[in-house]
Amino acid sequence: EVLFLFNRPRINSNNGWNAGGLSVRVKKPLRKIEVVFSGKVLHLKKPIQMLRPKQVYNAAKKGIDVTKQRISLRLVYEACGPVWGGSADNYWETLPKQERVRAKAKSTNNFARNHYEQHMHVYGELNVEGETFEIDGNAVRDHSWGPRYWQATKSYRFLVGNFGDDIGF
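Residues numbered from 1 in each chain as written. Predicted model: local features only at pLDDT ≥ 70, side-chain atom pairs only at ≥ 80, totals over all residues. Heavy atoms only, no water.

Asker: Just give me the short version of the packing of aromatic side chains, but keep the residues and values in it.
Answerer: How two aromatic rings sit relative to each other is given by the distance of their centres and the angle of their planes. Inspection of the entire model under this criterion finds three aromatic pairs. With 6.1 Å between their ring centres and 35° between their planes, Phe-163 and Phe-169 make a pair best called tilted. (Phe/Tyr/Trp six-rings, centres within 6.5 Å; stacked < 30°, edge-to-face > 60°.)

The structure is reproduced here in structure tokens:
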């Protein structure tokens, strides 16, 4: 079963990560983040329905294999490893102009130049229509900023392995 929501909520300012019932709060930069959501989502009884999201919404209107449910979610992410990655753009800005031009021309990283990742421990709870589920596990924080040029890569594979707080790739 899957809980699903797609929305383009109205955003009135860029003073924080708050939109459509979702809030991301940085408690301690690069160390601790809290994610909170409260609202209605679609409950899919057949996950394969995700192959055609438009049909999911049509099924929800008719009440066929899809129902709306109220949920609340609170997750806390705490770093259990260092941040790795960085910003090519920020680095290039530190170079003299001629060297910057050469460095940009020589670079083959046009896909995600500004990107970092970090192993995290995540805990919290999900409440679905009054039933609470405890969450306690590991995750990877994956953060990019600036343009991402999808046409600059011939293929893309991403594999994450977490084996507790001490071991991951």
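Asker: Before we move on, could you go through the nonpolar core and cite the residues and values that matter?
Answerer: Among the nonpolar cores identified, the biggest contains seven residues, and these are Phe-4, Leu-42, Leu-44, Val-56, Ala-59, Ala-60 and Val-66. Counting only elements with at least two residues in this core, the list comes to strand E4 (32–44) and helix H1 (53–62). Tallying contributions element by element places H1 first for this core, with three residues. Those residues in contact with Val-56 that sit more than four places away from it in its chain are Phe-4, Leu-42, Leu-44, Gln-49 and Val-66. (Core = buried A, V, L, I, M, F, W, Y, C linked by side-chain atoms within 4.5 Å. Buried < 20%, exposed > 50% of the residue type's maximum accessible area, 1.4 Å probe, protein only. Helix = DSSP H or I, 4+ residues; strand = E, 2+ residues; numbered from the N terminus. Contact = heavy atoms within 4.5 Å.)

Asker: Describe in detail a positive patch on the surface, supporting the description with residues and values.
Answerer: On the surface, a cluster of positive charge is contributed by Lys-40, Lys-54, Lys-61, Lys-68 and Arg-70. The set of elements that each furnish at least two residues to the positive patch consists of H1 and strand E5 (66–79). For Lys-61, the position within the fold is in helix H1. Classification of Lys-61 as exposed rests on a relative accessible area of 71%. (Patch = residues over 30% accessible without salt bridge, like charges linked within 9 Å, V, L, I, M, F, W, Y side chains within 5 Å. Areas by Shrake-Rupley, 256 points an atom, 1.4 Å probe, with all protein chains shown as cover. Salt bridge = Lys/Arg side-chain N within 4 Å of Asp/Glu carboxyl O. Lys, Arg positive; Asp, Glu negative; His and termini not counted. Charge placed at Lys NZ, Arg CZ, Asp CG, Glu CD.)

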